[in-house]
Amino acid sequence: MEDVWIMDSGCSRHMTGHRKWFSSLNPVSTKEYITFGDNGQGKVIGVGSVSLSTKLSLREVAFVRNLGFNLVFVSQLLDEGYEVRFKKGACCVLDARETLVCSLLPFGQVFRVDLTSVSGPACCLVASPSADIWKWHRRLGHLSFDLLVRLSSMGLIRVLPKLRAEKDLVCHPCRHGKMVAASHIPVSQVMTSYPGELLHMDKVGPARVASVNGKWYVLLVVDDFSWFLWVFFMEFKDEAFGFVRDLVLRFRNESHKAMRAIRSDNGGEFRNSRFENFCRDLGLEHQFSSPYTPPQNGVVERKNRTLVEMARTKLDEHRTPRRFWAEAVNTACYIANRIFLRAFLGKTLYELRFGRQPSVKHLRAFGYKCFVLKKARHLDKFESRCLDGIFLGYASSSRAFRVWILEAKQVVEIEPLHQLQLLPPFLRAQMMKEDPCPWLPPHSPNSKLMQRLDPLRTQGR
Ligand SMILES: [Zn+2]
């Protein structure tokens, strides 16, 4: 087994128990243990790089005492920019340019790396430089490569590394999502002087299909100063008032500076007595864009287009069913606030709103399959320790992740983050082969099952 590398989707990282594979190895100071299938444990002694061939180098490989196997963690490989393809008779690993890196051969119930399929001994010790740019491109909502490189060089976002420009990178989901650079009308000045002075709002919808939680409309609100975005999902148009009222009241609590105005179009959901009374009571001006000159509400309409394009690309990437559109729009909004800049002010929308730089450390790629670990004390001995889920983005008000639990057919919010283990999407593709619709498992929703998740709560969206 010493010379066999097994592809594994269930472990937590690349790992080996054999020192000879490392081209560089650094000892670790923290006490970290890996639990084996037989419940034994192995201490992580070091972390380093392993070169399996000229084309395949693994970074961050754990050197684990007493581990008899060499494991390649599929998800980590994808994060490094490789693609893993499982097709009948042609299983392989490809690099970002879709050239063959190595073949995979059946090995019992699993697959192993075919080290004879790649030429020459190890000599290239670093992974493809494009690996990072692909990882961040996916995590940051398929932001264009040029913008990504520029953004990474500005030091405005915590954790985002400096990325190098690569020639001829083509992303297929981006092409499908038709994510062209929007022809933004240049904004030559900032008309307001603090967050919350003026809020733009617009209603989008109805969508063609209802979201998983029965929503048809999106209310999009944009702060004129920071361009910070909020999205709210509605079953009926007239729910808009409640969301706007709560947001305005929140702003008034947060800041001593007075909110001056809100701006919307003439839609019935905005032009009604409830809005009129509310604005009068708070001394707010309600500005309406003229029905014949939509550009007056241009800020919110441009933002709306950007979010829809980002959401479409996200759904496209792993063919996530359309009824998850609200989750995709919510994720797009979450990312946009953290990566888009207000050019004239030279800061991200997030920093303008909250006064500190955003972090992108916790971002993950939308639509990935993931495991959710169950609360151990409620489980009987032979019950599975985890549930299958699909990663659907971020909770609005906390650092929790939103996950669709396949068996229970519910969206839940999960924290802390280590409860979640992300798997690459190809596993879902495998399931789809056997089961024509993995999204609708044959079980009915199981409320007992939901109670076992810790600490979870269900959330409508
Ligand atoms: Zn893309």
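From a predicted model like this one, the values you see are computed outputs, not experimental measurements.

Novice: Mind showing me how you'd approach the overall build of the chain here?
Specialist: In terms of regular secondary structure, the chain is built from eleven helices and 24 strands. Relative to its full complement of 461 residues, the chain shows a buried share of 39%. Long-range pairs, those at least 24 residues apart, make up 62% of the contacts in the chain between residues at least 6 apart in sequence.

Novice: Teacher, can you tell me more about the sheet that holds strand E14 (residues 229-234) here?
Specialist: Adjacent strands of a sheet pair through backbone hydrogen bonds, lying either parallel or antiparallel. Across the sheet, which stays open at both edges, the five strands sit in the order E14-E13-E12-E15-E16 with mixed pairing between neighbours. Each edge of the open sheet is held by one strand with a lone partner, namely E14 and strand E16 (285-288). Each strand axis lies, on average, 20° off the axis of its neighbour in the sheet, ignoring direction. The pairing of strand E12 (residues 198-204) with strand E15 (residues 261-264) spans three bridges and is parallel. By the bridge assignment for E15, leucine 198 is matched with alanine 261.

Novice: Just to check I follow, could you spell out the nonpolar core for this structure?
Specialist: If you look at soluble globular proteins, the nonpolar side chains tend to sit buried side by side. Counting residues in each nonpolar core, the largest one holds 75 residues, and the members touching the most others are Leu219, Leu220, Val329, Ala332, Ala336 and Val403. Per element, the largest residue contribution to this core is nine residues, and it comes from helix H8 (residues 325-339). When neighbours within four sequence positions are excluded, valine 329 is seen to be in contact with Val218, Val231, Leu307 and Ala311. One finds Cys11, Leu67, Leu104 and Val113 within the second-largest nonpolar core, a separate group that totals 29 residues.

Novice: What's the story with the packing of helix H7 (residues 298-317) against H8 in this structure? I'm lost.
Specialist: The axes of two packed helices give the description: the angle between them and the distance between them. The geometry of H7 relative to H8 is characterised by a closest axis approach of 8 Å and an angle of 120° between their N-to-C directions. Relative to H8, the element H7 lies oblique. Crossing geometry of H7 relative to H8 is assigned as right-handed. Together, Thr306, Leu307, Met310, Ala311, Lys314 and Leu315 of H7 and Trp325, Ala328, Val329, Thr331, Ala332, Cys333 and Ala336 of H8 make up the contact between the two elements. Residues that form the contact of H7 with H8 fall into these classes: ten nonpolar, two polar and one charged.

Novice: Please clarify how unusual backbone geometry should be interpreted in this entry.
Specialist: Glycine aside, the phi torsion of most residues is negative, and most peptide linkages are trans. A cis amide bond links glycine 205 to the next residue, proline 206, at an omega of 5°. For proline 206, the location among the structural elements is in the loop between E12 and strand E13 (217-223). With a phi close to 60°, histidine 142 is a non-glycine residue in the positive phi region. Following the sequence through the fold, histidine 142 ends up in the loop between helix H2 (130-139) and helix H3 (145-154).

Novice: I would appreciate a short explanation of helix H5 (residues 240-254) in the present structure.
Specialist: Note: α-helices contain 3.6 residues per turn, so residues at a spacing of three or four share the same orientation. For H5, which comprises 15 residues, the first-to-last C-alpha distance of 21 Å matches the rise-based estimate of 21 Å (1.5 Å per residue) to within 8%. Residues of H5 that are buried include every one of Ala240, Val244 and Leu247, and no others. The buried side chains of H5 occupy one side of the element, clustering within an arc of 65° when seen end-on. Set apart from the buried face of H5 by more than 90 degrees, the exposed residues are Asp246, Arg250 and Asn253. Buried residues along H5 sit against E12, E13, E14 and E15.

Novice: Help me out: how do you make sense of H8 in this one?
Specialist: Here H8 spans 21 Å end to end across 15 residues, near enough to the 21 Å set by a 1.5 Å rise per residue. The element H8 is largely enclosed, with a buried count of 14 among its 15 residues.

Novice: In this structure, what is going on with the environment of glutamine 76? I would like to understand it.
Specialist: Structurally, glutamine 76 can be placed in helix H1 (residues 74-79). For glutamine 76, a count of 18 C-beta atoms within 10 Å puts it in the partly exposed group. Separated by 17 residues in sequence, glutamine 76 and arginine 59 have C-alpha atoms that sit 9.0 Å apart.

Novice: What am I meant to see in the environment of proline 161 here?
Specialist: Mapped onto the secondary structure, proline 161 falls in the loop between H3 and helix H4 (172-176). The class for proline 161 is exposed, based on 10 C-beta atoms found within 10 Å. With 25 residues separating them in the primary sequence, proline 161 and tryptophan 136 have C-alpha atoms 9.2 Å apart.

Novice: Could you clarify how one ought to interpret the confidence of the model for the chain in this entry?
Specialist: Low pLDDT marks stretches whose predicted atomic positions should not be read closely. Across the chain, the average pLDDT comes to 78, with 80% of residues at 70 or higher. Across residues 179-186 the pLDDT falls below 50, and counting only partners more than four positions away or on other chains, this stretch makes ten contacts in the model. In this model, residues 426-459 is a region of pLDDT below 50 whose contacts with residues beyond four sequence positions or in other chains number 44 contacts.

Novice: Before we go on, may I ask you to explain the pairing of E16 in this structure?
Specialist: Across a regular strand the side chains alternate sides, sitting on one face of the sheet and then on the other. Examined bridge by bridge, E15 and E16 share four bridges and lie parallel to one another. Paired with isoleucine 262 across the strands is histidine 286, a residue of E16. Handedness of the crossover is the feature at issue here: the chain leaves E15, passes through helix H6 (residues 273-282), returns alongside E16, and the resulting connection is right-handed.

Novice: Would you mind showing me how to read the pairing of strand E21 (residues 401-405) here?
Specialist: Extensive coverage of E21 is indicated by the burial of five of its five residues. Of the two faces of E21, the one carrying Phe401, Val403 and Ile405 and the one carrying Arg402 and Trp404 are both buried. Taken together, the four bridges between strand E20 (residues 386-394) and E21 define a ladder with antiparallel strand orientation. Bridging from a neighbouring strand, isoleucine 390 pairs with tryptophan 404 of E21. Connecting E20 to the next strand, E21, in antiparallel fashion are six residues. Of the strand pairs in this sheet, E21 and strand E22 (residues 410-414) are connected by five bridges, and their pairing is antiparallel. Note on E22: the bridge partner recorded for valine 403 is valine 412. Taken together, E21 and the strand that follows it, E22, pair antiparallel across an intervening segment of four residues, in which lysine 409 is found at a positive phi of about 55°.

Novice: Even after reading the chapter, I still don't get the environment of phenylalanine 354, so can you show me in this structure?
Specialist: Its place among the elements puts phenylalanine 354 in helix H9 (residues 349-354). Measuring from C-alpha to C-alpha, the distance between phenylalanine 354 and serine 226 comes to 9.8 Å, with 128 residues separating the pair along the chain.

What counts and what doesn't
Residues numbered from 1 in each chain as written. Predicted model: local features only at pLDDT ≥ 70, side-chain atom pairs only at ≥ 80, totals over all residues. Helix = DSSP H or I, 4+ residues; strand = E, 2+ residues; numbered from the N terminus. Buried ≥ 20, exposed ≤ 12 C-beta atoms within 10 Å, placed from the backbone. Contact = placed C-beta atoms within 7 Å. Pairing = 2+ DSSP bridges. Axes fitted to C-alpha atoms, helices over the stretch in contact; angles between N-to-C directions. Core = buried A, V, L, I, M, F, W, Y, C linked by C-beta atoms within 7 Å. Parallel < 35°, antiparallel > 145°, perpendicular 65-115°, else oblique. Left-handed = near helix turned anticlockwise from the far one by under 90°. Nonpolar A, V, L, I, M, F, W, Y, C, P; charged D, E, K, R; others polar. Expected span 1.5 Å × (residues − 1). Arc of directions from axis to C-beta. pLDDT = per-residue confidence, 0-100. Right-handed = clockwise from strand over helix to strand, strands pointing away.

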